[in-house]
Amino acid sequence: MKAMDQIVQTIQQTAHYVNTNLPNHAQSRVSVNASGDKQTDADVWADHLFFDKLSALDAVGSYVSEERDAAIDCGEGYVVTIDPLDGSSNLASNNSVGTIVGVYEAELPATGRELCAAMMVLYGPYTTMTVARDDREIVQEYLLRDGFSERWGEFSLPDDPKVIGLAGKKYARSEGFNELAKELEQHLKPRYGGATVADLAQVLEYGGLFGYPATTEYPDGKLRVYYEAVPLAYLVEEIGGRSTDGTQSLLDVEPDGLHARTPTFLGNEDLIERVEAHMGDGS
Ligand SMILES: O=P(O)(O)OC[C@H]1O[C@](O)(COP(=O)(O)O)[C@@H](O)[C@@H]1O
Ligand SMILES: [Mg+2]
Ligand SMILES: [Mg+2]
């Protein structure tokens, strides 16, 4: 089996197991992970599951997780970056969570231009997995159920954007950004639920903009370059959308460390251009 097929299949199978057993981890204790973020038992549980399965593959040479301080050497092969459980703070309130995976051909540090695949799993009312790969023309969505992964559809971003999901408390965001948000929210329906994967799925389905800007709490934005921002940017750009940190595509961001963060905007081209036009004048 092709190396990339091994990785995709392993993520699908492990995601099935996560989906089935997540309820056992809903009431999770909270501690702190490598990037100083809240870490739940469920985060650690999911990280161990994906590590056990992925590190056993010949295709995987390095396992790099949001939940671990350092990269784990697994021999020859691709570098796999992973957010085992995205939006884990949503578990306690029984809201959607996800898993995000990036596959790099080059050793880290690397920009998103070295990605050759990215995947996102959404554990919502049902479980889906969206896969973008260099060696495939289309971005494929799978429905994961009863241990099987059915091809469910091809992704393309709707031209006419409908929704917007912007993070951050207003007092903690720049005045300029709040002005932009006010303008954009005139015509777009608010859709923000606190898990990047779930909020981005709204944008992928209906068109629009998802953004986690720099705030006084997170001066570099909250989302991690290797585990969230860049793999999702790869996916969005593969289906005709765009990404930005405010000035450039997220795929050109040069990360300063394994747990580097970046302001993150993902969505339709015209909305990303408005973000850049606004941020470009330093507001
Ligand atoms: O609570 P906030 O500040 O709105 O942040 C929500 C963001 O934090 C995250 O939960 C961080 O991800 P993790 O749960 O993987 O740490 C994102 O999924 C989400 O977009
Ligand atoms: Mg996350
Ligand atoms: Mg996480």
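It should be noted that the structure appears before, not after, this text.
Now for a look at the structure at hand.

Calculation notes
Residues numbered from 1 in each chain as written. Chains lettered and ligands numbered in written order. Predicted model: local features only at pLDDT ≥ 70, side-chain atom pairs only at ≥ 80, totals over all residues. Heavy atoms only, no water. Near = heavy atom within 4 Å. Polar contact = N/O pair within 3.5 Å; in protein donor to acceptor, adjacent residues only side chain to side chain. Areas by Shrake-Rupley, 256 points an atom, 1.4 Å probe, with all protein chains shown as cover. Helix = DSSP H or I, 4+ residues; strand = E, 2+ residues; numbered from the N terminus. Nonpolar A, V, L, I, M, F, W, Y, C, P; charged D, E, K, R; others polar. Domains from an automatic or database assignment. Salt bridge = Lys/Arg side-chain N within 4 Å of Asp/Glu carboxyl O. Buried < 20%, exposed > 50% of the residue type's maximum accessible area, 1.4 Å probe, protein only. Donors = N, O, S within 2.8 Å, 3.2 Å for Na, K, Ca; no water.

1. Description of the site of ligand 1
Point 1. Around ligand 1 there are 14 residues in total, and Asp86, Tyr192, Thr196, Tyr212 and Arg224 lie nearest to it.
Point 2. Between ligand 1 and Ser88 there is a distance of 3.2 Å, counted from an oxygen atom to a backbone nitrogen or oxygen.
Point 3. Compared with its free state, where it exposes 470 Å², ligand 1 has 83% of that area covered by protein.
Point 4. If you tally residues by element for the shell around ligand 1, the top one is strand 5 (residues 78-86), at three residues.
Point 5. Residues that form the shell around ligand 1 fall into these classes: four nonpolar, four polar and six charged.
Point 6. Viewed by domain, the shell around ligand 1 spans two of them, domain 1 (3-154) and domain 2 (163-280), each represented by three or more residues.

2. Notes on the pattern of salt bridges
Point 1. Within this structure, the stated rule accounts for 14 salt bridges.
Point 2. Asp135 serves as the salt-bridge partner of Arg136, at 3.7 Å between the closest nitrogen and oxygen.
Point 3. One salt bridge connects Lys169 with Glu217, and the closest N-O pair in it is separated by 3.5 Å. Of the two residues, Lys169 is situated in the loop between strand 11 (163-166) and helix 3 (175-184) and Glu217 in the loop between strand 13 (208-212) and helix 5 (225-238); the sequence distance between them amounts to 48 residues.
Point 4. For Lys169, a relative accessible area of 47% corresponds to the partly exposed category.
Point 5. Overall, Glu217 belongs to the partly exposed group, its relative accessible area being 48%.
Point 6. One salt-bridge network, held together by shared partners, links Lys2, Asp5, Arg133, Asp135 and Arg136.

3. Focus on the coordination of the magnesium ion (ligand 2)
Point 1. Looking at the magnesium ion (ligand 2), the protein donor atoms are Asp83 (OD), Asp86 (OD) and Glu228 (OE), and they sit 1.9 to 2.1 Å from it.
Point 2. Sequence spacing of the donors to the magnesium ion (ligand 2): D-x2-D-x141-E.
Point 3. A spacing of 3.6 Å is found between the magnesium ion (ligand 2) and the magnesium ion (ligand 3), which share Asp83 as a donor. Of this pair, Asp86 sits in strand 5 while Glu228 sits in helix 5, placing them 142 residues apart in sequence.
Point 4. Among the residues examined, Asp86 registers a relative accessible area of 3% and is labelled buried.
Point 5. Its relative accessible area of 2% is what places Glu228 among the buried residues.

Read these as spatial facts, not as claims about activity.
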